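One letter stands for each residue in the lines below.
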Amino acid sequence: METLKFKTNIKCGGCIATVTPALDTLDGVSKWGVDTANPDKILTIESENGLTASEVISTLKTKGYNAEKI
C-alpha cells in the first residue's frame, strides 16, 4: 500500500464531485480524500498497484484542477 499526497486547488464539495468519477476510475486507488479545511487543499490517495504521481496529476488536469506532489 502506498500513500500519495498532493497540494491541489480542489476547494469545495462541488470540486470534489467533479473529480470523483476520474479518481475513482484510476487503477489501484483503494481510497482517496481531500482536506478542504487545509489551506493547501491536500489530496491523499491510497494506492495498491503502483499508481504514479504523474497519472494523478494528468487525471486532475483533464478535469480542470492542478495538483503538485508533496
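For the structure, see preceding data.
Read on for an overview of the structure. Fair warning: this is a prediction, and the values are worked out from it, not measured in the lab.

## Structural notes on unusual backbone geometry
A positive phi angle is found at K41, which is not glycine, with a value near 50 degrees. On the secondary structure map, K41 appears in the loop between strand 2 (29–35) and strand 3 (42–47). Residue K41 is classed as buried on the basis of its relative accessible area, which comes to 18%.

## Regarding the environment of T8
Note that T8 resides in strand 1 (residues 2–8). Along the chain, T8 and I57 lie 49 residues apart, while their C-alpha atoms are 9.5 Å from each other. Within the local environment of T8, its side chain forms a polar contact with the backbone oxygen of K41, the two atoms lying 2.6 Å apart.

## So, the pattern of salt bridges
By the definition in use, this model includes one salt bridge. With a shortest N-O distance of 3.8 Å, D40 and K7 are connected by a salt bridge. Here the residue D40 occupies a position in the loop between strand 2 and strand 3, and K7 occupies one in strand 1, the gap between them amounting to 33 residues. According to the relative accessible area criterion, D40 is partly exposed, its value standing at 33%. Judged by relative accessible area, which is 36%, K7 ranks as partly exposed.

## Looking at the pairing of strand 3
For strand 1 and strand 3, the ladder comprises six bridges, and the chain directions are antiparallel. Bridge pairing links E2 to S47 in strand 3. Where strand 2 meets strand 3, six bridges bridge the pair, whose relative direction is antiparallel. By the bridge assignment for strand 3, V29 is matched with S47. From the end of strand 2 to the start of strand 3, which pair antiparallel, there are six residues, and K41 there has a positive phi angle of about 50 degrees.

What counts and how
Residues numbered from 1 in each chain as written. Predicted model: local features only at pLDDT ≥ 70, side-chain atom pairs only at ≥ 80, totals over all residues. Heavy atoms only, no water. Helix = DSSP H or I, 4+ residues; strand = E, 2+ residues; numbered from the N terminus. Buried < 20%, exposed > 50% of the residue type's maximum accessible area, 1.4 Å probe, protein only. Polar contact = N/O pair within 3.5 Å; in protein donor to acceptor, adjacent residues only side chain to side chain. Salt bridge = Lys/Arg side-chain N within 4 Å of Asp/Glu carboxyl O. Pairing = 2+ DSSP bridges.

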